[in-house]
Amino acid sequence: QVQLVESGGGLVQPGGSLRLSCAASGLTFSMYYMSWYRQAPGKERELVARISDTGGMIVYADSVKGRFTISRDNAKNTVSLQMNSLKPEDTAVYYCNGGLLWGQGRYWGQGTQVTVSS
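Residues numbered from 1 in each chain as written. Predicted model: local features only at pLDDT ≥ 70, side-chain atom pairs only at ≥ 80, totals over all residues. Heavy atoms only, no water.

**So, the nonpolar core**
Applicable threshold: To form a nonpolar core, buried Ala, Val, Leu, Ile, Met, Phe, Trp, Tyr and Cys residues must be joined to one another through side-chain atoms within 4.5 Å. Burial classification: accessible surface area is computed with a 1.4 Å probe over protein chains only, and a residue below 20% of its type maximum counts as buried, one above 50% as exposed, and the rest as partly exposed. Each helix is a run of DSSP H or I of at least 4 residues and each strand a run of E of at least 2, with the numbering of both proceeding from the N terminus. The contact criterion used throughout is that any non-hydrogen atoms of two residues lie within 4.5 Å.
With 28 residues, the main nonpolar core has Trp36, Val79, Leu81, Met83 and Tyr94 as its most contacted residues. Taken together, the elements giving at least two residues each to this core come down to β3 (18-25), β4 (33-39), β5 (46-51), β7 (68-73), β8 (78-83), β9 (92-99) and β11 (112-116). The leading source of residues in this core is β3, at 4 residues. Discounting chain neighbours no more than four positions away, the residues touching Met83 are Gly16, Ser17, Leu18, Leu20, Arg67, Phe68, Tyr94 and Val114.

Here it is, written out as structure tokens:
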């Protein structure tokens, strides 16, 4: 079965960096569009970044542009999110998501907590 497993979350001070990774199995990873979403307490889940199957198309939420970078390694079946200049408002559970079409996909990871606090 399809599994998406996130790692790399944690506690970081404002201005710091974290790198999230998502390892995929049970699917032909190179065919999938991959996304990172996040959900803060009391808020709706929102798209953070999305990358196409080949990596040739990428979009970011306005709130993270210039600070976050999404990338993928189709040989290793992984997608990553490099997060720099983190702010307290980036605090959320971050989810990996995959699908065969551009847009929210069918498959979700379990989420990883990112807390930005001094």
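**Here's the deal with the packing of aromatic side chains**
The test is simple: When the centres of two rings from Phe, Tyr and Trp lie within 6.5 Å, Trp using its six-membered ring, the rings pair. Their planes under 30 degrees apart give stacked, over 60 give edge-to-face, and anything left gives tilted. We count a charge as sitting over a ring when the NZ of a lysine or the CZ of an arginine lies within 6 Å of the ring centre and within 35 degrees of the ring normal.
All chains considered together, the criterion is met by 4 aromatic pairs. Each ring, one from Tyr32 and one from Tyr107, has its centre 6.3 Å from the other, and the planes form 50 degrees; the classification is tilted. Residue Tyr32 is found in the loop between β3 and β4, and its partner Tyr107 is found in strand β10 (residues 107-108); the two are separated by 75 residues along the sequence. Grouped by ring-pair contacts, the aromatic residues Tyr37, Tyr95 and Trp108 constitute a single cluster. Just above the ring of Trp108 sits the side chain of Arg45; from NZ or CZ to the centre is 4.5 Å. Taking NZ or CZ as reference, Arg50 lies 5.5 Å from the ring centre of Trp102, over its face.

**A look at the pairing of β5**
For clarity, the threshold we go by: DSSP-based pairing: two strands are paired if at least 2 bridges between them are found.
Of the strand pairs in this sheet, β4 and β5 are connected by 5 bridges, and their pairing is antiparallel. Bridged to Met34 within β5 is Ile51. Between the end of β4 and the start of β5, which pair antiparallel, lie 6 residues, with Gly42 showing a positive phi angle near 75 degrees. In this sheet, strand β6 (residues 58-60) lies alongside β5 in antiparallel orientation, the contact comprising 3 bridges.

**Structural notes on the sheet that holds β8**
We apply this condition: Helix axes use the C-alpha atoms of the stretch in contact, all axes being lines fitted to C-alpha atoms, and the angles between their N-to-C directions lie in the range 0 to 180 degrees.
Across the sheet, which stays open at both edges, the 4 strands sit in the order β1-β3-β8-β7 with antiparallel pairing between neighbours. Looking at strand neighbours, the two that pair on one side only are β1 (3-7) and β7, the edges of this open sheet. Strand-to-strand twist across the sheet, computed as the mean angle between neighbouring axes with direction ignored, equals 15 degrees. By the bridge criterion, 6 bridges tie β3 to β8 in an arrangement that is antiparallel. Residue pairing across strands places Ser21 opposite Ser80, the latter belonging to β8.

**Digging into a nonpolar patch on the surface**
Which entries qualify depends on this criterion: By definition, no residue in a patch forms a salt bridge, and every one has over 30% relative accessible area; like charges are joined within 9 Å, nonpolar side chains (Val, Leu, Ile, Met, Phe, Trp, Tyr) within 5 Å. Computed with a 1.4 Å probe, the accessible areas rest on the Shrake-Rupley method; for each residue, only the protein chains presented here act as cover. By salt bridge we mean one thing: a side-chain nitrogen of Lys or Arg within 4 Å of a carboxyl oxygen of Asp or Glu.
There is a patch of nonpolar side chains on the surface, built from Met31, Leu100 and Leu101 and spanning about 330 Å² of accessible area. Residue Leu101 is classed as exposed on the basis of its relative accessible area of 66%.

**Details of the side chain of Asn97**
The condition that has to hold: By the criterion applied in these results, polar contacts are pairs of N or O atoms within 3.5 Å in which, for protein atoms, one can donate a hydrogen and the other can accept it, and in which residues neighboring in sequence qualify only through two side-chain atoms.
With respect to the helices and strands, Asn97 occurs in strand β9. With relative accessibility at 0%, the residue Asn97 sits in the buried group. Within polar-contact distance, the side chain of Asn97 engages the backbone oxygen of Tyr107 at 3.1 Å. Ignoring anything within four residues of it in the chain, the contact list for Asn97 reads Leu4, Tyr33, Met34, Ser35, Tyr37, Gly103, Gln104, Gly105, Tyr107 and Trp108.

By themselves, these figures tell us nothing about what the structure is for.
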